[in-house]
Amino acid sequence: MTYNSADYLQNLEIGHIFQDHVMIELIKKGICLQCFASRQNQFKIGESIQGIEVKLDSRCTDTHRLSIEIGEKKATSNIWIPSGILRDDNSLFYVQGNYDIYFFFSKRTLKEYFKNTKPKIHYYNGTLRKFYIDFDVAKDLCEFWEETINKQ
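Residues numbered from 1 in each chain as written. Predicted model: local features only at pLDDT ≥ 70, side-chain atom pairs only at ≥ 80, totals over all residues. Heavy atoms only, no water.

Draft legend 1. Broad picture of the sheet that holds strand β2 (residues 65–72). Taken together, four strands build an open sheet; the order of strands is β3-β2-β7-β6 and the sheet is antiparallel. In this open sheet, the two strands that pair with only one neighbour each are β3 (81–82) and β6 (122–124). As paired strands, β2 and β3 are joined by two bridges and run antiparallel to one another. Among the inter-strand pairings, G71 is bridged to a residue of β3, identified as P82. (Pairing = 2+ DSSP bridges. Helix = DSSP H or I, 4+ residues; strand = E, 2+ residues; numbered from the N terminus.)

See the structure below:
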């Protein structure tokens, strides 16, 4: 996906650094995460061979909620395509958070929550659709959550 933002490559690198952090945290729990480096495999298969997608939510500890992505488009004039938890790929799990805390969800659970509760949808920059989950709800929905001490 190519965005009209000059910050795209910088944000991509920031996301990859966080993904590396999550890989280190998960291996401590016996969960090996191997992420695809190529965009070709990410689009064709998913973010990782194990079916785990990682999302950095840098403001989540400030807001005490997670911003869950459900749609995106390349430009404001294009149609919405499913992304995040609604993307049709190999992802079974969804890890979201920041360097202070992360949540490990079943993607199916997040999709069911979205379908059953019909939360308010928010739009960002005309190219992203998302909804919010408060930390208290996220802690009930997730498989596990972890407050980390390895801040970057």
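Structure shown, so let's carry the discussion forward.
Draft legend 2. Here's a closer look at the packing of aromatic side chains. Applying the stated criterion across every chain yields a total of 10 aromatic pairs. Ring centres of Y102 and F144 lie 6.3 Å apart, and the angle between their planes is 80°; this geometry places the pair in the edge-to-face category. Here Y102, found in strand β5 (residues 101–106), pairs with F144, found in strand β8 (residues 144–147); they are 42 residues apart in sequence, far enough to count as distant. Members of the aromatic cluster, each reached through a chain of ring pairs, are F93, Y102, F104 and F144. (Phe/Tyr/Trp six-rings, centres within 6.5 Å; stacked < 30°, edge-to-face > 60°.)

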